[in-house]
Amino acid sequence: MQKNFLISFIFTILFLIPAKSENISGQVTIIDGDTIKIDNKKVRLHGIDAPEIKQLCKRVFLSISFISFERDYECGKVSKKKLENYIKNNSIQCKIEGIDRYKRILGTCYTNKININARMVRNGYAVAYKKYSKRYVNAEMEAKKENLGLWKGKFEMPWDWRKNSAKK
């Protein structure tokens, strides 16, 4: 019994941990601001989290003296559009970092040698997913300091939004 469990456990671990140099590239479809499809394989951008497609955020649309007026905007759709713009028709290469609990490939993706994960966070269209990686914390701090993207207004962290919208 223990032997079967051990063998099963080892095969599971070997399946989940890719070879260090394993990459994936091909035709890209953008799902949202942190998920793409390459040749029908879902790739979640490792270490970042972007607003969900249906997520709304707030930003100032008018300021008069000391009064500011805010309105909702579709920050999830904006994040997706920014990722589309970054990738455009460029070739993309993703270094596989692992597999998540939803069976998506976790990847750090590049176009023209530019780290797309970092670019999304640095420009404020995604946040560092500190629960899984500290790699993009500095990029997030810079975006926040410069009021870029999401940081221009008010928003709920994507993981909180998912949790709160599931309760509704």
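Residues numbered from 1 in each chain as written. Predicted model: local features only at pLDDT ≥ 70, side-chain atom pairs only at ≥ 80, totals over all residues. Heavy atoms only, no water.

Would you mind going over the side chain of Ser 79 with me for this structure?
Secondary-structure assignment places Ser 79 in helix H2 (residues 75-87). We classify Ser 79 as buried; its relative accessible area is 1%. A polar side-chain atom of Ser 79 sits 2.7 Å from the main-chain carbonyl oxygen of Tyr 125. Not counting chain neighbours up to four residues away, the residues in contact with Ser 79 comprise Gly 33, Ala 50, Pro 51, Met 120 and Tyr 125. (Helix = DSSP H or I, 4+ residues; strand = E, 2+ residues; numbered from the N terminus. Buried < 20%, exposed > 50% of the residue type's maximum accessible area, 1.4 Å probe, protein only. Polar contact = N/O pair within 3.5 Å; in protein donor to acceptor, adjacent residues only side chain to side chain. Contact = heavy atoms within 4.5 Å.)

So what exactly am I meant to see when it comes to the environment of Ile 114 here?
Summarising the element assignment, Ile 114 is placed in strand S10 (residues 114-115). On the accessibility criterion, Ile 114 (39% relative accessible area) is partly exposed. Taking the C-alpha atoms as reference points, Ile 114 and Tyr 86, separated by 28 residues in sequence, lie 9.6 Å from one another. In this view, Ile 114 contacts Cys 109 and Arg 119; residues no more than four positions away in its chain are not counted.

How do you make sense of the pattern of salt bridges when you look at a structure like this?
When charged atoms on two side chains of opposite charge get close, those side chains can pair. Under the defined criterion, the tally for this structure stands at 14 salt bridges. As a salt-bridge pair, Asp 49 and Arg 44 come within 3.1 Å of each other at their nearest N and O atoms. When the shortest N-O distance is used, the salt bridge between Arg 104 and Asp 100 registers 2.7 Å. Note on Asp 100: relative accessible area 15%, which makes it buried. Each of Asp 34, Arg 44, Asp 49, Glu 52 and Arg 162 takes part in salt bridges that share partners, so that together they form one network. (Salt bridge = Lys/Arg side-chain N within 4 Å of Asp/Glu carboxyl O.)

Even after reading the chapter, I still don't get the side chain of Asn 117, so can you show me in this structure?
By secondary structure assignment, the location of Asn 117 is in helix H3 (residues 116-122). For Asn 117, a relative accessible area of 0% corresponds to the buried category. Residues within four places of Asn 117 in sequence aside, it is in contact with Leu 45, His 46, Ile 48, Gly 107, Thr 108, Cys 109 and Tyr 136.

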